[in-house]
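# A look at the structure
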Amino acid sequence: MTTADPRADLKAVESLLAFWAEAGVDAAYAEEPIDRVAEGKARLLARPAAPAPPAAVSRGRAAAPQPDIAAGLAEARALAAAAGDLEALAAAIAAFDGCGLKREGATQAVFARGNPNAELMIVGEGPGADEDRQGKPFVGRAGQLLDRMLKAAGLEDRVFITNTVFWRPPGNRTPTPAEQAVCAPFVERAIELVKPQMLMFAGGASAKAMLKVDEGILSLRGRWFDWKAETGDGHALPAMPTLHPAFLLRQPAAKKKAWIDLLTLTERLDRPSRPH
Ligand code: URA
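Below, the structure is looked at part by part. (Residues numbered from 1 in each chain as written. Predicted model: local features only at pLDDT ≥ 70, side-chain atom pairs only at ≥ 80, totals over all residues. Heavy atoms only, no water.)

## Observations regarding the overall build of the chain
- Along its length, the chain carries 12 helices and 6 strands.
- By the burial criterion, 38% of the 276 residues in the chain qualify as buried.
- Carbon and sulfur atoms form 56% of the exposed surface of the chain, whose accessible area is close to 16,400 Å². (Helix = DSSP H or I, 4+ residues; strand = E, 2+ residues; numbered from the N terminus. Buried < 20%, exposed > 50% of the residue type's maximum accessible area, 1.4 Å probe, protein only. Areas by Shrake-Rupley, 256 points an atom, 1.4 Å probe, with all protein chains shown as cover.)

This is the structure in structure tokens:
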């Protein structure tokens, strides 16, 4: 709504921005990433042809290189396969340059935390600002809530926690499927090395990438899936998507659903295995 006095409008906008800044919103992004390179290209193509600039001018600053997904994926697979333990895997991830997120403002790679012999592996979406600062996943407010839930379920020492991508997406946007795909060989190798009995996917972005499905988290959560590595022996692991703890912070009424999911997982972990 606008008022007759433009200064009042300005004050209202300033107050709204101050409110969002207070709430921790430090950048404005759309739901989906916008490919500015493609947009610029389309605009250039739509323009009538301009005379070619002199050679000296056309050698100006080049556009940022777009990561080559196929090459990145091949490199990630080779690096992940060569990592003999979790320490080597962490080093391989830190040295990997094939994920575009690494060049979008992240300060370091964020790999994993928890028990290297965990029975349950939790895969989240991607690091946020706190994780980027500390170099460990799920250490911010959402992570603290996750830890409280794990403790209440008696799982705090039985989990290994990682994410679908290892660098903070700018402005905490959702990682793109390409960014997740190029990091997937490292996630798979982590699963191979830890050998958990079960997987839990925190949030829709993780569940969709890990299960290669396109359903919303509210329909995926609480259901059992068979997760299989892209490469490997075809051995399936039971996996359950659940609500992301950051969502639970925004929607506390949904905690009951996430708690039920965690108890269902715990009950299956503790179930004595039946002889075949
Ligand atoms: N959200 C995630 O998905 N992962 C983290 O590590 C932190 C917040």
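## Some remarks on the packing of helix 5 (residues 86-95) against helix 8 (residues 177-194)
- Contact pair helix 5 / helix 8: the axes reach a minimum separation of 10 Å and the direction vectors enclose 170 degrees. Our classification of the angle between helix 5 and helix 8 gives roughly antiparallel. Residue-level contacts link L86, L89, A92 and I93 of helix 5 to F186, R189, A190, L193 and V194 of helix 8.
- A breakdown of the residues in the contact of helix 5 with helix 8 according to their chemical character gives 8 nonpolar, no polar and 1 charged. (Axes fitted to C-alpha atoms, helices over the stretch in contact; angles between N-to-C directions. Parallel < 35°, antiparallel > 145°, perpendicular 65-115°, else oblique. Contact = heavy atoms within 4.5 Å. Nonpolar A, V, L, I, M, F, W, Y, C, P; charged D, E, K, R; others polar.)

## Observations regarding empty space enclosed by the protein
- Tallied over the full model, the rule gives 1 cavity of 30 Å³ or more.
- Every residue lining the largest cavity is listed: L146, M149, M200, A202, T242, L243, P245, L248, A258, D261 and L262.
- Of all the elements in the fold, those that place two or more residues in the lining of the largest cavity are helix 7 (141-152), strand 4 (198-202), helix 11 (245-250) and helix 12 (255-270).
- Among the elements that make up the lining of the largest cavity, the one with the highest residue count is helix 12 (3 residues).
- Split into classes, the residues belonging to the lining of the largest cavity amount to 9 nonpolar, 1 polar and 1 charged. (1 Å grid on protein atoms, 1.4 Å probe; cavity = no way out; pocket = protein on both sides within 12 Å on 5 of 7 lines; lining within 4 Å. Points joined across faces, edges and corners; volume = space filled by probe spheres on them.)

## Comments concerning unusual backbone geometry
- With a phi close to 50 degrees, F138 is a non-glycine residue in the positive phi region.
- Examined against the element boundaries, F138 turns out to sit in the loop between helix 6 (129-134) and helix 7.
- A relative accessible area of 5% means that F138 is categorised as buried.
- One non-glycine residue, K195, lies in the positive phi region at around 55 degrees.
- Along the chain, K195 falls in the loop between helix 8 and strand 4.

## Overview of helix 7
- Counted at 1.5 Å a residue, the expected span for helix 7 with its 12 residues is 16 Å, and the 17 Å between its end C-alpha atoms agrees.
- Three or more residues of helix 7 are buried, namely A142, G143, L145, L146, M149 and L150. Down the axis of helix 7, the buried side of the element spans an arc of 160 degrees, and every buried residue falls inside it. Opposite the packed face of helix 7, turned more than 90 degrees from it, sit the exposed residues R141, R148, K151 and A152. (Expected span 1.5 Å × (residues − 1). Arc of directions from axis to C-beta.)

## Describing the packing of aromatic side chains
- Using the criterion set out here, one finds 5 aromatic pairs in the structure.
- On the numbers, 6.2 Å between centres and 70 degrees between planes, the contact of F111 with F160 is edge-to-face. One end of the pair, F111, is in the loop between helix 5 and strand 1 (113-114); the other, F160, is in strand 3 (residues 159-163), and 49 residues separate them in sequence.
- Since its relative accessible area comes to 4%, F160 is described here as buried.
- Seen from their ring centres, F111 and F166 are 6.0 Å apart, and the 70 degrees between their planes marks the pair as edge-to-face. Residue F111 is found in the loop between helix 5 and strand 1, and its partner F166 is found in the loop between strand 3 and helix 8; the two are separated by 55 residues along the sequence. Assigned by exposure class, F111 and F166 land together as buried.
- One cation-aromatic arrangement involves R268 over W224; the distance from NZ or CZ to the ring centre is 4.4 Å. (Phe/Tyr/Trp six-rings, centres within 6.5 Å; stacked < 30°, edge-to-face > 60°. Lys NZ or Arg CZ within 6 Å of the ring centre and 35° of its normal.)

## Some points on the pattern of salt bridges
- Enumeration over the complete set of coordinates arrives at 12 salt bridges.
- For R173, the salt bridge is made with E179, and the minimal N-O distance between the two is 2.8 Å.
- The class for R173 is buried, based on a relative accessible area of 12%.
- Of the charged contacts in the structure, one is a salt bridge between E192 and R189, with a shortest N-O distance of 2.4 Å. Highlighted residues: E192 and R189, both in helix 8, separated by 3 residues, approximately one helical turn.
- The class of E192 is partly exposed, set by a relative accessible area of 38%.
- The class for R189 is buried, based on a relative accessible area of 16%. (Salt bridge = Lys/Arg side-chain N within 4 Å of Asp/Glu carboxyl O.)

## Some points on the site of the ligand
- Taken together, G124, E125, G126, E131, P137, F138, N163 and H244 are the residues near the ligand.
- A distance of 3.0 Å separates a nitrogen atom of the ligand from a polar atom in the backbone of G126.
- In isolation the ligand offers 230 Å² of accessible surface; the protein chains occlude 91% of this area.
- Per-class residue counts for the shell around the ligand are 2 nonpolar, 4 polar and 2 charged. (Near = heavy atom within 4 Å. Polar contact = N/O pair within 3.5 Å; in protein donor to acceptor, adjacent residues only side chain to side chain.)

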